[in-house]
Amino acid sequence: MEPAKQDIIQDLRREILRLQGLKAATTEIPEDFGLGAISHVFPQGVFPTGVIHELTTAESPMSAASGFACYLLSRLMRRGTVSAWISTHRTLFPPALAGYGIEPDRILFIDAASGRDALWAMEEALRCDQLAAVVGEVRDLDFTASRRLQLAVEKSKVTGLVLRPLGSRLVQNACVSRWHISSLPSAPSAGLPGVGHARWKVELLKMRGGKTGMWEMEWTPETLHILTPAKTPITADEWRKIG
């Protein structure tokens, strides 16, 4: 292909990413999320930051989804920054964050009176560019509300994680990705009785500009292990059923 045509194609790709709310590739070293084995599913092979990610679950309590969110949060906060966690019925045990390398006093916990208040607080927090990330436990998230969150992060470059509890109605929205997290039986450590490290089934149902996939993961202190290779991406018909 002629160099001139290659330049045109690259410019078009950057423009498409910009319109989708994703950052184009830069010469900066991307943040390492420890997801190397599955990074090929992300746009440009890099986990998108400065966008809104949706994490769903069919379990109550949503410990698996919260655990995966804490892993991502620990990576976003590695430079000593502060984050916010917003919910209406907080079940997270703050001292447990230390297991993910997060100092609990670096999290601003905001307890909202209603789902509407939680969405408002999340939008306002996402506008603060001094935060590394904002986690919001939100049951209802339609396209309009999600678009407001996405517009907020496009200016601040803060990463938003929306945790959807059991019973949430899943509809099309403006989130860049949709993940579904389930718990898996743990494997006892060699020679030791009892429960082993946390294991999750992680399904990437939507990734704007990327691919989908499904993996089994195990969290050990400071490390996330990918236990299985990616399964075949879901089809368009399967995605329509998911919403």
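Look up: the structure comes first, before these words.
Residues numbered from 1 in each chain as written. Predicted model: local features only at pLDDT ≥ 70, side-chain atom pairs only at ≥ 80, totals over all residues. Heavy atoms only, no water.

**Digging into the pairing of strand S5 (residues 159-164)**
- Extensive coverage of S5 is indicated by the burial of six of its six residues.
- Burial along S5 is two-sided: Thr159, Leu161 and Leu163 and Gly160, Val162 and Arg164, pointing in opposite directions, are all buried.
- As judged from the five bridges shared by strand S1 (residues 52-56) and S5, these two strands associate in the parallel manner. Within the sheet, the bridge partner assigned to Glu54 lies in S5 and is Val162.
- Where strand S4 (residues 131-137) and S5 come together, five bridges link them in parallel fashion. Bridge pairing links Val134 to Gly160 in S5. (Buried < 20%, exposed > 50% of the residue type's maximum accessible area, 1.4 Å probe, protein only. Helix = DSSP H or I, 4+ residues; strand = E, 2+ residues; numbered from the N terminus. Pairing = 2+ DSSP bridges.)

**Observations concerning the pattern of salt bridges**
- Under the counting rule described, the total for this entry stands at eight salt bridges.
- Arg90 serves as the salt-bridge partner of Asp111, at 3.0 Å between the closest nitrogen and oxygen. Here Asp111, found in strand S3 (residues 107-111), pairs with Arg90, found in the loop between strand S2 (82-87) and S3; they are 21 residues apart in sequence, far enough to count as distant.
- A salt bridge links Glu218 to Arg199, with the nearest nitrogen and oxygen atoms 2.9 Å apart. Remark: Arg199 occurs in strand S7 (residues 198-207) and Glu218 occurs in strand S8 (residues 213-220); sequence separation between them is 19 residues.
- On the accessibility criterion, Glu218 (11% relative accessible area) is buried.
- Through salt bridges that share partners, Glu123, Glu124, Arg127 and Arg148 make up one connected network. (Salt bridge = Lys/Arg side-chain N within 4 Å of Asp/Glu carboxyl O.)

**As for the side chain of Glu123**
- Topologically, Glu123 is positioned in helix H3 (residues 115-126).
- For Glu123, a relative accessible area of 7% puts it in the buried group.
- Glu123 has contacts with Arg148, Leu149 and Ala152, leaving out every residue within four places of it along the chain. (Contact = heavy atoms within 4.5 Å.)

**Here's the deal with the environment of Thr220**
- Mapped onto the elements of the fold, Thr220 is located in strand S8.
- C-alpha of Thr220 to C-alpha of Gly99: the two residues are 121 residues apart in sequence and 9.0 Å apart in space.
- If sequence neighbours within four positions are ignored, Thr220 has contacts with His197 and His225.

**Things to note about the sheet that holds strand S6 (residues 177-184)**
- Judged by pairing direction, the sheet is mixed, and its nine strands sit side by side in the order S3-S2-S4-S5-S1-S6-S7-S8-S9 without closing on themselves. Whereas interior strands pair on both sides, the edge strands pair on one side only; in this sheet they are S3 and strand S9 (223-226). Averaged over all adjacent pairs, the angle separating strand axes in this sheet is 25°, with direction ignored.
- Where S6 and S7 come together, eight bridges link them in antiparallel fashion. Following the sheet pairing, Leu184 is matched in S7 by Arg199.
- With respect to the sheet, H3 is in contact with S1, S2, S3, S4 and S5, its orientation differing from that of S4 by roughly 170°. (Axes fitted to C-alpha atoms, helices over the stretch in contact; angles between N-to-C directions.)

**Remarks on helix H2 (residues 63-76)**
- Here H2 contains 14 residues, and its C-alpha end-to-end distance of 20 Å stays within 8% of the 20 Å for a straight helix at 1.5 Å per residue.
- Along H2, 13 of the 14 residues are buried, which leaves the element largely enclosed by surrounding structure. (Expected span 1.5 Å × (residues − 1).)

**What to know about the packing of aromatic side chains**
- Counted under the stated rule, the structure contains eight aromatic pairs.
- Residues Phe68 and Trp179 carry aromatic rings whose centres are separated by 5.4 Å and whose planes lie at 50° to one another, so their mutual orientation is tilted. Of the two residues, Phe68 is situated in helix H2 and Trp179 in strand S6; the sequence distance between them amounts to 111 residues. Take Phe68 and Trp179: they sit in the same class, and that class is buried.
- Linked through ring pairs, Phe33, Phe42, Phe47, Phe68, Trp179 and Trp200 together constitute an aromatic cluster. (Phe/Tyr/Trp six-rings, centres within 6.5 Å; stacked < 30°, edge-to-face > 60°.)

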